Amino acid sequence: MQTAAAVKQKKLKRNVSYALFAAAVVFSLWYIQFSFSEFISGIPIFLHFLFTDFLPPKASDLPSYLQPVLDTLAYGVVATVLASIIGLLFGFLMARQTTPHPAIRTVLRGFISLLRNIPFLVWASILVVIFGVGSMPGIFSLILFGSGFLARVYAEAIEEIDSHATEALDAMGAGYLQKIKHAVIPAFIPGFISWTLFMFELSIRASSILGLVGAGGIGSQIKLTMDLFQYNRTSTVICILIVMILVIEFMTKRIRERLI
């Protein structure tokens with residue numbers, strides 16, 4: 001049972017936390033010069049734009065977006081496959097049970113952390129400057145982003161595997177590759193499938209955003225229609241994107257249920 005002093009101290013810490021949070025909110029509102037009057041007056045303008053210029057979608061243009069949709073799906077497939085291969089290699093080198101040497105694990109974790117903490121939109125912007133507008137910047141940026149993400153989650157999934165099987169193989173004199181083949185891989189496969197399918201979903205979402213910086217895919221149609229002030233066509237593209245993501249989420253969920 002807590003003493004009165006402990007309860008009072010806990011209450012004081014909670015009140016200080018609330019006060020610091022409130023101060024941070026007030027400072028942020030002041031710093032960005034947020035205006036509640038402009039916010040309220042902007043709502044009717046937004047609704048007028050939404051229901052006058054943006055909606056309804058222009059359904060007659062649907063066939064013209066088939067190619068960008070296929071491009072986006074292809075980007076997602078290629079990027080996920082290559083990122084999973086690279087991430088798998090790095091994941092095994094980074095995990096405690098499978099790394100050949102602790103120094104390799106430390107260096108790779110630092111490198112992957114750097115790779116993963118650079119947003120994929122920044123990678124795309126840099127690669128567009130290097131390769132020019134087109135599909136390659138989008139695919140490369142998705143591979144870089146996916147490799148960093150998958151390497152980390154693969155390594156964590158391997159480290160969560162029960163160590164009893166590897167210890168038993170150690171006791172039997174099994175080699176490094178034998179331990180990976182008979183103890184690590186069978187337990188790692190469910191996590192590998194789950195995270196790889198999740199990466200595919202992320203790649204499709206990300207590829208739609210990458211088009212905004214000229215990296216191709218369905219996102220390029222969003223940018224093009226907005227630049228031409230064809231907002232009803234923009235809403236068509238967004239509706240296609242939403243449907244595509246929902247279908248992919250449903251399919252990957254069914255695949256997980258069947259394989260895991």
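Residues numbered from 1 in each chain as written. Predicted model: local features only at pLDDT ≥ 70, side-chain atom pairs only at ≥ 80, totals over all residues. Heavy atoms only, no water.

Draft legend 1. Representation of the overall build of the protein chain in the model. Summing up its helical and strand segments, the protein chain has ten helices and zero strands in all. Starting at the N terminus and walking to the C terminus, you meet the elements of the protein chain as α-α-α-α-α-α-α-α-α-α. For the protein chain, whose C-alpha radius of gyration is 25 Å, the value lies well above the compact-globule estimate of 18 Å for 260 residues. Sorting the 260 residues of the protein chain into buried and exposed places 35% on the buried side. At a minimum sequence separation of 6, the contacts of the protein chain that also span at least 24 residues come to 74%. (Helix = DSSP H or I, 4+ residues; strand = E, 2+ residues; numbered from the N terminus. Rg over C-alpha atoms; globule rule 2.2 N^0.38 Å. Buried < 20%, exposed > 50% of the residue type's maximum accessible area, 1.4 Å probe, protein only. Contact = heavy atoms within 4.5 Å.)

Draft legend 2. Quick look at the nonpolar core. Core analysis: the biggest nonpolar cluster contains 32 residues, and Met94, Leu150, Ile158 and Phe188 have the highest contact counts within it. Mapped by element, the contributors of at least two residues to this core are α3 (66-94), α4 (102-117), α5 (120-131), α6 (135-159) and α8 (176-210). It is α6 that contributes the most residues to this core, twelve residues altogether. Residues Ile222, Val237, Met244 and Ile248 belong to the second largest nonpolar core, which totals twelve residues. (Core = buried A, V, L, I, M, F, W, Y, C linked by side-chain atoms within 4.5 Å.)

Draft legend 3. How the structure looks around helix α2 (residues 36-54). Spanning 19 residues, α2 covers 25 Å between terminal C-alpha atoms, matching the ideal 27 Å at 1.5 Å per step. Remark: the principal bend of α2, roughly 30°, maps to glycine 42, with a proline, proline 44, within the next four residues. (Expected span 1.5 Å × (residues − 1). Bend = angle between axes of the 7 residues up to and from the residue.)

Draft legend 4. Geometry of the UniProt feature "transmembrane region" (unreviewed entry) in the protein chain. Mapped onto this structure's residue numbering, the UniProt feature "transmembrane region" (unreviewed entry) falls at residues 18-51, 73-93, 114-133, 139-155 and 234-252. Along residues 73-93 the backbone is 100% helical and 0% strand, and the end-to-end C-alpha distance reaches 30 Å. Secondary structure across residues 139-155 comprises 100% helix and 0% strand; the distance between its end C-alpha atoms is 24 Å. (UniProt positions renumbered as here; feature names shortened; annotations may be inferred.)

Draft legend 5. Spotlight on the pattern of salt bridges. In this structure the tally under the stated criterion is nine salt bridges. Put simply, glutamate 201 and arginine 205 hold a salt bridge, and the shortest N to O gap is 4.0 Å. In this pair, glutamate 201 and arginine 205 are both assigned in helix α8, four residues apart and thus about one turn of the helix distant. By relative accessible area, glutamate 201 is classed as buried at 9%. Judged by relative accessible area, which is 28%, arginine 205 ranks as partly exposed. Arginine 254 is paired through a salt bridge with glutamate 257; the nearest N and O atoms lie 3.8 Å apart. Note that arginine 254 and glutamate 257 are positioned in helix α10 (residues 231-259) at a spacing of three residues, about one turn of the helix. With relative accessibility at 36%, the residue arginine 254 sits in the partly exposed group. Through salt bridges with shared partners, a single ionic network connects Arg96, Arg105, Arg109 and Glu159. (Salt bridge = Lys/Arg side-chain N within 4 Å of Asp/Glu carboxyl O.)

Draft legend 6. Highlighting the packing of aromatic side chains. Scanning the entire structure with this criterion turns up 16 aromatic pairs. Centre to centre, the rings of phenylalanine 145 and phenylalanine 149 are 6.5 Å apart; their planes meet at 20°, and the pair counts as stacked. Of this pair, phenylalanine 145 and phenylalanine 149 both sit in helix α6, separated by four residues, roughly a single helical turn. For the pair formed by phenylalanine 145 and phenylalanine 149, the shared burial category is buried. Pairwise contacts between aromatic rings join Phe49, Phe54, Phe229 and Tyr231 into one cluster. (Phe/Tyr/Trp six-rings, centres within 6.5 Å; stacked < 30°, edge-to-face > 60°.)

Draft legend 7. Representation of the environment of leucine 29. Here leucine 29 lies in helix α1 (residues 4-31). Contact partners of leucine 29, with chain neighbours within four places excluded, come to Phe34 and Phe36.

Draft legend 8. Layout of unusual backbone geometry. In the segment running from leucine 55 into proline 56, the intervening peptide bond is cis, with an omega of 0°. Here proline 56 lies in the loop between α2 and α3. Positive phi, close to 55°, is recorded for glutamine 33, a residue that is not glycine. The topology assignment puts glutamine 33 in the loop between α1 and α2. Backbone geometry at phenylalanine 229 places phi at a positive 60°, although glycine is not the residue there. Along the chain, phenylalanine 229 falls in the loop between α9 (218-227) and α10.

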